[in-house]
Structures are given as C-alpha cells and as structure tokens.
Amino acid sequence: MNKVFLVGRLTRDPEIRYSQGANATAVARFSIAVDRRFKREGEPDADFFNCTAFGKQAEFVERYLKQGIKMVVVGRIQNDNYTNKEGQKVYSVQIIVDELEFAESKNASSAGDGGAFSQPAARPTPGAAVNDGFMNVPEGIDEELPFN
C-alpha cells in the first residue's frame, strides 16, 4: 500500500499548467512544509514535499490555494528519478495528490500571514454559526462550492 497523509503549509503559490490536446487537463504543482514532530539541535524544523495534482483537484488548487494556507494532503509517493545533463543520477520523490482539505479556517490562516487567502468580493458569505456548530449557507451558493 502506498498512501501518505501530510499536514502543512504551502511554501509558495501553486503553479498551474494545462496539458495539450483536445481534452486539456489541469496540472497543479506546489510544495508544502510539514513541521517535524521531534526536533534535534542542528536539524531542520520542517520537511518540504513537492506535490502534484491533476484534473478537478488541480482546478481546486488553482482557485483556492495560496502561499501560507494550511492543508491536509492525501496521496501517494512516486519516484521522480532522472539523469541530468552531466550524466549523474538525481533521486527525488513527489506526492501525487488524491485528496485535499483545508486544515484551518480562513480567519485562522489569514491572521498569521497577513491575509494570504482572501475571499473574492462577489461570493456570498455564509451566515454565523448557530448553536449546533454548523453554518447557515445562503441560497444560490451551490455553484460556487468546490465539491458537487
């Protein structure tokens, strides 16, 4: 079984490209920084993982993800080895994204990084949470939701 769960912040804005051909497919590349649970002196505090998403997941990335947003990434590890121009073998891995989820609220993510994630002005905003912990979703927002 090849499955990985990562929780981290985007290190930069994602790069989005579309494949050539009649059925152009979105391809999103981004990296996340995942804090290490145990830190030793002299070692890095985080690990950085390159991620690639395709199709609908890539369109979601393009529309909603920005640098600094905390995400849960579920995917699989894939070798990305190649031989460079000097004939040296280069070893690397990437995460092929199967699922994406926000790991914190928009308010929490924008408070710490100066508002990297801002909601478009034209979108209606959900109502305040009621006592049961759920938000009231305004009418007509269905076509704006990233999952249908």
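What you see is a predicted model; the values in this text were computed from it and never measured. (Residues numbered from 1 in each chain as written. Predicted model: local features only at pLDDT ≥ 70, side-chain atom pairs only at ≥ 80, totals over all residues. Heavy atoms only, no water.)

**Digging into the overall build of the protein**
Then, number 1: Counting secondary structure elements, the protein contains two helices and eight strands.
Then, number 2: When its helices and strands are written in sequence order, the protein yields β-β-β-β-α-β-β-β-β-α.
Then, number 3: Of the contacts made within the protein by residues no fewer than 6 positions apart, 54% connect residues no fewer than 24 positions apart.
Then, number 4: Accessible surface for the protein amounts to roughly 10,600 Å². Of this, 49% is attributable to carbon and sulfur atoms. (Helix = DSSP H or I, 4+ residues; strand = E, 2+ residues; numbered from the N terminus. Contact = heavy atoms within 4.5 Å. Areas by Shrake-Rupley, 256 points an atom, 1.4 Å probe, with all protein chains shown as cover.)

**Some details on the packing of aromatic side chains**
Two numbers describe a pair of aromatic rings. These are the distance of the centres and the angle of the planes.
Then, number 1: A full pass over the atoms with the stated rule returns two aromatic pairs.
Then, number 2: On the basis of an interplanar angle of 40° and a centroid distance of 5.1 Å, the ring pair of phenylalanine 60 and tyrosine 64 is categorised as tilted. Placement of the pair is phenylalanine 60 and tyrosine 64 together in helix α1 (residues 55-64), with a separation of four residues, close to one helical turn. Taken individually, phenylalanine 60 and tyrosine 64 each receive the classification buried, so the pair is uniform in this respect.
Then, number 3: Of the aromatic side chains, those joined through ring pairs into one cluster are Phe60, Tyr64 and Phe102. (Phe/Tyr/Trp six-rings, centres within 6.5 Å; stacked < 30°, edge-to-face > 60°. Buried < 20%, exposed > 50% of the residue type's maximum accessible area, 1.4 Å probe, protein only.)

**Structural notes on the nonpolar core**
Generally speaking, soluble globular proteins have nonpolar side chains that are buried together.
Then, number 1: Core analysis: the biggest nonpolar cluster contains 21 residues, and Phe30, Ile32, Leu65, Met71, Val73 and Leu100 have the highest contact counts within it.
Then, number 2: At the level of secondary structure, the elements contributing two or more residues to this core comprise β1 (4-10), β3 (26-35), β4 (46-54), α1, β5 (70-79) and β8 (93-102).
Then, number 3: By residue number, the principal contributor to this core is β3, which donates five residues.
Then, number 4: With residues near it in sequence (within four places) discarded, leucine 65 still touches Leu10, Pro14, Phe60, Met71, Leu100 and Phe102. (Core = buried A, V, L, I, M, F, W, Y, C linked by side-chain atoms within 4.5 Å.)

**A look at the pattern of salt bridges**
Then, number 1: Tallied over the full model, the rule gives four salt bridges.
Then, number 2: The partner of glutamate 43 in a salt bridge is arginine 36, with the nearest N and O atoms 3.4 Å apart.
Then, number 3: Residue glutamate 43 is classed as partly exposed on the basis of its relative accessible area of 37%.
Then, number 4: Aspartate 98 is the partner of arginine 76 in a salt bridge, and the nearest nitrogen-oxygen pair spans 3.2 Å. Here arginine 76, found in strand β5, pairs with aspartate 98, found in strand β8; they are 22 residues apart in sequence, far enough to count as distant.
Then, number 5: Its relative accessible area of 34% is what places arginine 76 among the partly exposed residues.
Then, number 6: Connected through salt bridges with shared partners, the residues Arg36, Glu43 and Asp47 form a single ionic network. (Salt bridge = Lys/Arg side-chain N within 4 Å of Asp/Glu carboxyl O.)

**Observations concerning the pairing of β5**
The side chains of a regular strand alternate, first on one face of the sheet and then on the other.
Then, number 1: In terms of strand pairing, β1 meets β5 through six bridges, oriented antiparallel. From the neighbouring strand, glycine 8 faces β5, where its bridge partner is methionine 71.
Then, number 2: Pairing of β5 with β8, which is carried by nine bridges, proceeds in the antiparallel orientation. Bridging across to β8, valine 73 finds its partner in leucine 100. (Pairing = 2+ DSSP bridges.)

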